[in-house]
Amino acid sequence: DAKTTQPNSMESNEEEPVHLPCNHSTISGTDYIHWYRQLPSQGPEYVIHGLTSNVNNRMASLAIAEDRKSSTLILHRATLRDAAVYYCILRENTGTASKLTFGTGTRLQVTL
Amino acid sequence: DTGVSQNPRHKITKRGQNVTFRCDPISEHNRLYWYRQTLGQGPEFLTYFQNEAQLEKSRLLSDRFSAERPKGSFSTLEIQRTEQGDSAMYLCASSHPRVDQDTQYFGPGTRLTVL
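Scoring rules and cut-offs
Residues numbered from 1 in each chain as written. Chains lettered and ligands numbered in written order. Predicted model: local features only at pLDDT ≥ 70, side-chain atom pairs only at ≥ 80, totals over all residues. Heavy atoms only, no water. Pairing = 2+ DSSP bridges. Helix = DSSP H or I, 4+ residues; strand = E, 2+ residues; numbered from the N terminus. Axes fitted to C-alpha atoms, helices over the stretch in contact; angles between N-to-C directions. Contact = heavy atoms within 4.5 Å. Buried area = accessible area lost by both parts, 1.4 Å probe. Salt bridge = Lys/Arg side-chain N within 4 Å of Asp/Glu carboxyl O. Polar contact = N/O pair within 3.5 Å; in protein donor to acceptor, adjacent residues only side chain to side chain. Nonpolar A, V, L, I, M, F, W, Y, C, P; charged D, E, K, R; others polar. Disulfide = S-S within 2.5 Å. Buried < 20%, exposed > 50% of the residue type's maximum accessible area, 1.4 Å probe, protein only.

*Asks:* I'd like a description of the sheet that holds strand S4 (residues 45–50) of chain A, backed by residues and values.
*Replies:* Residues and elements named next belong to chain A. Strands sit in the order S1-S9-S8-S3-S4 across an open sheet of five strands; the sheet is mixed. Of all strands in the sheet, those with a lone pairing partner are strand S1 (9–13) and S4, marking the two edges. Averaged over all pairs of adjacent strands, the angle between their axes in this sheet comes to 25°, without regard to strand direction. Across five bridges, the pairing between strand S3 (residues 31–38) and S4 is antiparallel. Looking at the pairing, Ile33 lines up with Gly50 of S4.

Here you go:
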């Protein structure tokens, strides 16, 4: 499985943008980049995913480098409810089901 | 619209007892996954089903663990002769290849404590 590298932790002030980086230098052409987050005592929550182009949804934006070896999850205005562990995951898109391989993620702390 | 549900949410048992967890996926999803998460770690894949067929099992799934999905809807995960090392959060997820590009949606998990 292709691997990702994320910082262990990051801090942000409330109402400010947050950029969560992820390196995936061994990404293959068929890998989608998925982001999940996990709030305390809850299951992982899907945030966003993309292949090559930048993506936006109501939760966040995903910026993907042109060579696809890195990506950044952008939370435009962090709130206290965004405090969670954020996981960057590569997932093969081969048409068959594939497991998600989680790392240890980035723990985001949001302060007032 | 209901998401993935798991029961029970918490289970405390004594070492050596058997436990069974249930997962109800999102209704139109034909793929169902089980993961296990220990404290401070990300979830680890255990097994997955497509409809009623169990198609992949992790080496983490020892012979004390068994999972079923008899009618291709809900699934159960049973752990026999529990050990303290089985204490973890057990997570279920579901997906469909034609829905959201097969994105997996997770349930709230079942937290198992083995005393």
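*Asks:* Account for the sheet that holds strand S5 (residues 55–56) of chain A, naming residues and giving values.
*Replies:* Residues and elements named next belong to chain A. In spatial order, the strands read S2-S7-S6-S5; together these four strands make up an open sheet with antiparallel pairing. Each edge of the open sheet is held by one strand with a lone partner, namely strand S2 (18–23) and S5. Summarising the sheet, S2 and strand S7 (residues 70–75) pair through six bridges and their orientation is antiparallel. Along S7, the bridge assignment pairs His19 with Ile74.

*Asks:* Outline the interface of chain A and chain B, listing residues and values.
*Replies:* Between chain A and chain B, the contact holds 21 residues from the first and 22 residues from the second. Of the roughly 1,600 Å² buried between chain A and chain B, counting both surfaces, carbon and sulfur atoms make up 49%. Among the salt bridges present, the one from A:Arg91 reaches B:Asp102, with a minimum N-O distance of 3.1 Å. Run the count over chain A and chain B and you get eight residue pairs in polar contact (both at pLDDT 80 or more). Those elements giving two or more residues to the side of chain A that touches chain B turn out to be S3, S4 and strand S8 (84–92) of chain A. Among the residues forming the side of chain A that touches chain B, the class breakdown is eight nonpolar, eleven polar and two charged.

*Asks:* Residues and numbers for the state of the cysteines, please.
*Replies:* The final tally for this structure, using the stated rule, is two disulfides over all chains. Two residues share a disulfide in this structure: A:Cys22 and A:Cys88, whose sulfurs sit 2.1 Å from each other. Residues A:Cys22 and A:Cys88 share a disulfide whose torsion about the S-S bond is about -80°; that sign makes it left-handed. Note that A:Cys22 is positioned in strand S2 and A:Cys88 in strand S8, a separation of 66 residues in sequence. Residue classification places A:Cys88 among the buried residues on the basis of a relative accessible area of 1%. Two residues, B:Cys23 and B:Cys92, share a disulfide whose sulfurs are 1.8 Å apart.

*Asks:* Got a sec to walk through the environment of A:Cys88? Specific residues and values, please.
*Replies:* Remark: the alpha-carbon pair of A:Cys88 and A:Val47, spanning 41 residues in sequence, is separated by 10.0 Å. When residues no more than four places from it in sequence are discounted, the contact partners of A:Cys88 are A:Thr4, A:Gln6, A:Cys22, A:His24, A:Ile33, A:His34, A:Trp35 and A:Ser71.

*Asks:* Please give an account of the pattern of salt bridges that cites residues and values.
*Replies:* Residues and elements named next belong to chain A. Inspection of the entire model under this criterion finds nine salt bridges over all chains. Across the salt bridge formed by Glu15 and Arg77, the nearest N and O atoms sit 2.0 Å from each other. A residue pair is termed long-range when its members are at least 10 positions apart, and Glu15 in the loop between S1 and S2 and Arg77 in the loop between S7 and S8 qualify at 62 residues. Judged by relative accessible area, Glu15 falls into the partly exposed class, the value being 38%. Taking the relative accessible area as the measure of exposure, Arg77 reaches 55% and is therefore exposed. A single salt-bridge network, built from bridges that share partners, covers Arg37, Glu45 and Asp82.

*Asks:* Pulling in residues and values, what's your account of the pairing of S7(A)?
*Replies:* The side chains of a regular strand alternate between the sheet's two faces. All names here are of chain A. Here four bridges tie strand S6 (residues 61–64) to S7, and the two strands are oriented antiparallel to one another. Bridge pairing links Ile64 to Ser71 in S7. Here S6 hands over to S7 after five residues, with Arg68 in that stretch at a positive phi of 65°.

*Asks:* Give me the lowdown on the environment of B:Thr113, citing residues and values where you can.
*Replies:* Residues and elements named next belong to chain B. Inspection of the secondary structure puts Thr113 in strand S11 (residues 110–114). By relative accessible area, Thr113 is classed as partly exposed at 31%. For the pair formed by Thr113 and Tyr48, sequence separation is 65 residues and the distance between their alpha carbons is 23 Å.

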